[in-house]
Protein chains: 2
Amino acid sequence: MKTYILKESQINKKTVDDLLSRSDEQNRNVEEAVSRILDRVRQEGDAALFSYTEAFDKVRLETLKVTPEEIQAGYDAVDPDFIETMVQARENITTYHEEQRADSWLKHFGPGIRLGQQITPIQRVGLYVPGGKAGYPSTVLMDAIPAKVAGVTSIAMITPPRKDGSLDPNILAAAKIAGIDEIYKVGGAQGIAALAYGTETIDPVYKIVGPGNIYVATAKKQVFGRVDIDMIAGPSEICIIADVKARPDFIAADLLSQAEHDEMASSMLITWSPSLAEAVKTSLYQQMDRLPRREIMKRSIEDNGKVFLVDSPAEATALSNLIAPEHLELMVEEPMEMLPSITNAGAIFLGAYTPEPIGDYFAGPNHTLPTSGTARFSSPLGVYDFVKRSSVLYYDRESLADVSRRVADFATREGFYSHANAIVIRFKDGKER
Amino acid sequence: MKTYILKESQINKKTVDDLLSRSDEQNRNVEEAVSRILDRVRQEGDAALFSYTEAFDKVRLETLKVTPEEIQAGYDAVDPDFIETMVQARENITTYHEEQRADSWLKHFGPGIRLGQQITPIQRVGLYVPGGKAGYPSTVLMDAIPAKVAGVTSIAMITPPRKDGSLDPNILAAAKIAGIDEIYKVGGAQGIAALAYGTETIDPVYKIVGPGNIYVATAKKQVFGRVDIDMIAGPSEICIIADVKARPDFIAADLLSQAEHDEMASSMLITWSPSLAEAVKTSLYQQMDRLPRREIMKRSIEDNGKVFLVDSPAEATALSNLIAPEHLELMVEEPMEMLPSITNAGAIFLGAYTPEPIGDYFAGPNHTLPTSGTARFSSPLGVYDFVKRSSVLYYDRESLADVSRRVADFATREGFYSHANAIVIRFKDGKER
C-alpha cells in the first residue's frame, strides 16, 4: 500500500487523474463480440438465447422462464433466519426509498396560466442480476425495491443459470421477498439484448438496470438510446477520511472489505496524521492474513491501495471531492460538520460505527452507486430512476393573446414561420370555440 | 397525409412500432468517422479543433474562446424589443424550473440511526448549441437556465462559427441574458470531444447537454460513461388528440409547426370524428400553400403525417401512450379530465389556446424533450439533470450492534468475509473510541 504525501498545490484534478489512472478505454474486441451477440438475438430471438447460454453458461436449457414452483422451492430451501434477515432488509430499503418519491404538481403561473409536471412510473423495466460463485440476493433487493416503490408494475429479472440449469435459492428467495415473479434464466450480453429487443419469450422493457461484467456493461451501452440504462459500473472503491483519534483496526477492516471485491478494487485512506497512516497499514496486513480472500485483497491493496497524507481536513475533503469515490467514510470526530463540504461521493458513511457493509446489505440506501469518479455527475440507483416526467402547460385565450406578438416574433427570428402561424391564426377572426 | 382506421385490437405496441417505423439503426460510417474525430481531439487538442473547424465550418480561426467584447457587441446588435422578449422568456423559464429544485434531507430512522440524501450541483457542464442557417437563441435559454437554477457554477457553451468566424448575435445575446460568459466557437463531434476530454483552451466538463446533428448525437453517445449526457434527440414529433368540437384550422396550424422542422418530423392527429379529420386535412393543405417552408412541410406531411381514426377517447389516449410523443396536444372539451390518463409524453398542451410553440419559446417548461418514443423512459431536460445525489448514513454503536449479526451473516452468505469482518471487529474487545 503506497503512501503519497500531497502538498496543497498537488490537490488538483490532473494529479488525481494521474494517480488513480482510472481508464475509460474501451475494448474494441469486446465491443465487436457484443455487437454480434446483439444482432443475433435481435434476428433469432429465443434460439440465440439458448445457443449462447449453452456456449457461455455450459447448460442446455429447454425453457427460459422460471416457474412459480421453482421460485417457491428456492424460497423454501433457504434458512428461515436468512429469510428473516432479507425481510428486515426489504423493510429498511423500502422505508428509505419511499422518501425519494416525488409528486406531480400543477400550479397557477399568472391569470389563465397553469403549468406543471406529471410524474409517472416507467411501465416495464428489466433487472440484471449477475451470477458467479456466490449469488447476490442483495442485488435483487436493491434493484427491485426502488422500481416497486416508484410504481413500476411490470418487472422482468434476468440472471444466468448455473451449470445444472438451476438458480441459486438465495436469488429466488430474494426475488420472492422483493415481489418479483417474472424471472428468466439468461445472462450476459444476450440477456441484455433480450430485454432491449424482446424475443418470443421475453417482452422488451424500456429501461435496464443492474451490475454486470464487461460484456453486460458493453451491451448496456450499445442498447442505450433504444432503452434507458443506469450508469455503467466500474470497480468498487472506498475512500476513508480519518483523523488521529480514529481506530486503525476499524479503518483497516473497512479498506479490506472493498479490497476483497476484486483485484481492480480501490481502497484509499486520506489523513493528516502520519502515525494513524502507519497504524492502519500495520493492522491491514495483520487482518488480511487471517481472512479467506487474502490473495485477492493482497493484489488489490498492492495495485490500487493508497494512503494520501495531506496537511489539513480542508485538503482532505478537497482531495476526496476530486476523487469522487463510490463509498466515502468520514472517520473523524465531527463527521456531521464535515458532511456539507463533501460535493462528490456515491454514499457517505458517518463516524466509527457506520462501516460500509451496513450500506451494502441492510441500512436502506441503495448499494448500486456511481463508481470510477462518476459520482461527479451521477447518483445512487433510486426511485427517480424508475419514473419519468411530462411537462404540463395550459394557457387560456387571454393569456395567450397577451404574449402572442412576442412568441410569434421569437419563432420568426429562428426562421420558424409555421410556429408563428400557429400563434397568430388563433387571433385572426375573433371567433372563439 | 394518410388516414389509418384503427380497431381496438390494433391498439398495441407492435402495430404502433410498425406504423411509425422509428428506427434506431446506427450508421456505422458515422460511428467510425466520429470515433476518429474523438481520438484525434484527445491526442492533438486545440490543433485538431482548428483543423476540423476549417474542414467542416469553412473558417480558419485563430482563437476558440469568445471575448467579452464579442458577447457585448452581439448583444448590442440585437433589436431591443427582442432582448425584452428573451428577458421575459428567461423569467418564465426560471420561475418554472425553480419548482424542480429538490432539497437535501437527513432523518431519523430509529434510535441512533440517521439516513438521508445530500443533493449537490454538478460542478461543470457543457452546453451544445447548434449552428445552421438561423441561430437558435431559445436553445441557449432552455439549456442554460436549468443548469443555473440547479446551482452549476461552471458552464461552458460551444457552438459552431459562421463562415466569417463570427457567431449569430442572437445566440450571443441569449447567452448574456442567461448569464453564460464562457463560450467557444467549435461545433460537431470535435466540440463534444473537447468538452469530454478537454484541450489546452477548453477545460473538460462532467456532463454535456443540448441537441445536435447525427455527428453530435453519435459523439455524445460515444463519450457517455466518461461524462454524462442528456438523451439523444431524434426528429421532432407532435400528436394531437382532438374531439369533434375542436377547431380544424388550429389543429392544422399546430401540425404544420412541427412539420416545418425537417422532412423527418412527424405530425399525427388522433380523433374519433371522421368529419374533423377531413376538415383538418383541408385546412392543412390550404395553410401550407401560403407558408414559407412549404417544401419541407409537404415532404414531412406526406412521409410522416398521419391521421388515426379510433372509436373513443379511451382508445385515443391508449394509442397516444403507445406512441409516447414528444409533444402532445389535448384539443378536447375537458383536457384536464383527460390529463391523468396520459402516461407517456414529453410535454402535454391543454386546450385550444396552448399551441405547441408557446412551449418552444416562452411559457417556461423546457423545450428539450424526449423524442422517438423515449418519453416511455425519459423526461424533459430539467434541474434534476444538473444535480446528483449522495446517500448519507449514520449508525451509532448501539444501533449497529443490534443488527451486526444479521449484516455479517448476509455478507458471509454472499462470500464476502471481509465485509463481515468489518462489522464484527467493532464488537470484539468492547473498547470504544
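Naming follows an unreviewed UniProt entry, where chain A appears as Histidinol dehydrogenase of Alkalibacter rhizosphaerae. Database annotation for chain A, UniProt heading Sequence similarities (unreviewed entry): "Belongs to the histidinol dehydrogenase family." Among the UniProt annotations of chain A, the heading Function (unreviewed entry) holds the following wording: "Catalyzes the sequential NAD-dependent oxidations of L-histidinol to L-histidinaldehyde and then to L-histidine."

This paragraph deals with the side chain of Thr368(B). Residue and element names in this part refer to chain B. Residue placement: Thr 368 occurs in the loop between helix H15 (356–361) and strand E14 (387–395). Judged by its relative accessible area of 16%, Thr 368 is buried. Once residues lying within four places of it in the same chain are set aside, the contact partners of Thr 368 are Asp 143, Asp 230, Pro 380 and Leu 381.

Turning to the UniProt feature "binding site: substrate" (unreviewed entry) in chain A, a few remarks are in order. With numbering aligned to this structure, UniProt lists the feature "binding site: substrate" (unreviewed entry) at Ser236(A), Gln258(A), His261(A), His327(A), Asp360(A), Glu414(A) and His419(A). Separation in sequence by 184 residues is matched in space for these annotated residues, since their most distant C-alpha atoms are 56.2 Å apart. As for its placement among the helices and strands, Gln258(A) is situated in helix H10 (residues 248–259). What makes Gln258(A) buried here is its relative accessible area of 0%. Non-local contacts of Gln258(A), meaning those with residues more than four positions away in its chain, are made with Ser236(A), Glu237(A), Ile238(A), Ala265(A), Ser266(A), Ser267(A), Glu326(A), His327(A), Glu356(A) and His419(B). Take Glu414(A): it is sitting in the loop between helix H16 (397–413) and helix H17 (417–424).

Here we come to the domain arrangement of chain A. Along its sequence, chain A is carved into domain 1 (2–22 + 234–367), domain 2 (45–229) and domain 3 (396–427). The straight-line distance from the C-alpha centre of domain 2 of chain A to that of domain 3 of chain A is 47 Å.

Let us now look at the relation of the copies chain B and chain A. When chain B is fitted to chain A, the best match, at an RMSD of 0.0 Å, comes from turning it 180 degrees and sliding it 0.0 Å along the axis. Such a turn and shift between the copies fits a two-fold axis. Minimal C-alpha separation from the rotation axis in chain B is found for Lys221(B), amounting to 4.3 Å. Interface residue correspondence from chain B to chain A reaches 99%, placing this contact among same-surface, isologous pairings.

This next bit is on the sheet that holds strand E8 (residues 228–229) of chain B. Residues and elements named next belong to chain B. An order of E6-E5-E4-E7-E8 is seen for the five strands of this open sheet, with the pairing classed as parallel. In this open sheet, the two edge strands, each paired with only one partner strand, are strand E6 (183–185) and E8. By the bridge criterion, three bridges tie strand E4 (residues 124–128) to strand E7 (residues 207–209) in an arrangement that is parallel. From the neighbouring strand, Leu 127 faces E7, where its bridge partner is Val 209.

This paragraph deals with the environment of Gln10(A). Residues and elements named next belong to chain A. On the secondary structure map, Gln 10 appears in the loop between strand E1 (2–5) and helix H1 (13–20). Taking the C-alpha atoms as reference points, Gln 10 and Val 310, 300 residues apart in sequence, are found 9.9 Å from one another. The residues touching Gln 10, leaving out its near neighbours within four places in the chain, are Ile 5 and Thr 15. Separated by 2.8 Å, the side chain of Gln 10 and the backbone nitrogen of Lys 7 make a polar contact.

What follows covers the side chain of Gln287(B). Within the element layout of this structure, Gln287(B) appears in helix H11 (residues 274–289). Relative accessible area serves as the criterion here: at 4%, Gln287(B) is assigned to the buried category. A polar contact is formed between the side chain of Gln287(B) and the side chain of Asn421(A), at a distance of 2.9 Å.

With that settled, consider the interface of chain B and chain A. Contacts between the two partners involve 142 residues from chain B, matched on the other side by 143 residues from chain A. Here chain B meets chain A over a buried area of about 12,700 Å², counting both sides, of which 57% is carbon and sulfur. For the pair chain B and chain A, the number of links is 10 salt bridges. Salt-bridge contacts for Arg406(B) lead to Asp81(A); the nearest nitrogen and oxygen are separated by 3.3 Å. The biggest single contributor to the side of chain B that touches chain A is helix H16 (residues 397–413) of chain B, with 10 residues. Looking at the side of chain B that touches chain A, its residues break down into 66 nonpolar, 34 polar and 42 charged. Taken together, the four bridges between strand E13 (residues 347–350) of chain A and E14(B) define a ladder with parallel strand orientation. Within the sheet, the bridge partner assigned to Leu350(A) lies in E14(B) and is Tyr394(B).

Residue and element names in this part refer to chain A. Listed under "binding site: NAD(+)" (unreviewed entry) in the UniProt record, and renumbered for this structure, are Tyr 128, Gln 190 and Asn 213. With the annotated positions falling across 86 residues, the maximum pairwise C-alpha distance of 12.6 Å places them together in a single cluster. When you line up the elements, Tyr 128 lands in strand E4 (residues 124–128). A polar contact of 2.8 Å, which involves the side chain of Tyr 128, links it to the backbone nitrogen of Gly 188. For Gln 190, a relative accessible area of 2% translates into the label buried. Excluding residues within four positions of it along the chain, Gln 190 makes contact with Ile 37, Val 41, Leu 49, Tyr 52, Thr 53, Phe 56 and Asp 57. A polar contact is formed between the side chain of Gln 190 and the backbone oxygen of Gly 187, at a distance of 3.1 Å.

Turning next to helix H9 (residues 214–223) of chain B. By the criterion of burial, H9(B) is predominantly enclosed, with seven of the 10 residues buried. Three or more residues of H9(B) are buried, namely Val216(B), Ala217(B), Thr218(B), Ala219(B), Lys220(B), Lys221(B) and Val223(B). Summarising the contacts, the buried residues of H9(B) are in contact with helix H9 (214–223) of chain A together with helix H2 (28–44), E4, helix H8 (188–197), E7 and E8 of chain B. In this structure Asn213(B) caps H9(B), since a side-chain oxygen of it lies 3.0 Å from the backbone nitrogen of Tyr215(B). A positive backbone phi angle near 115 degrees is found at Gly225(B), which sits one or two residues after H9(B).

Criteria and thresholds
- Residues numbered from 1 in each chain as written.
- Chains lettered and ligands numbered in written order.
- Predicted model: local features only at pLDDT ≥ 70, side-chain atom pairs only at ≥ 80, totals over all residues.
- Heavy atoms only, no water.
- UniProt positions renumbered as here; feature names shortened; annotations may be inferred.
- Helix = DSSP H or I, 4+ residues; strand = E, 2+ residues; numbered from the N terminus.
- Buried < 20%, exposed > 50% of the residue type's maximum accessible area, 1.4 Å probe, protein only.
- Contact = heavy atoms within 4.5 Å.
- Domains from an automatic or database assignment.
- Least-squares fit on C-alpha atoms with pLDDT ≥ 70 in both.
- Pairing = 2+ DSSP bridges.
- Polar contact = N/O pair within 3.5 Å; in protein donor to acceptor, adjacent residues only side chain to side chain.
- Buried area = accessible area lost by both parts, 1.4 Å probe.
- Salt bridge = Lys/Arg side-chain N within 4 Å of Asp/Glu carboxyl O.
- Nonpolar A, V, L, I, M, F, W, Y, C, P; charged D, E, K, R; others polar.

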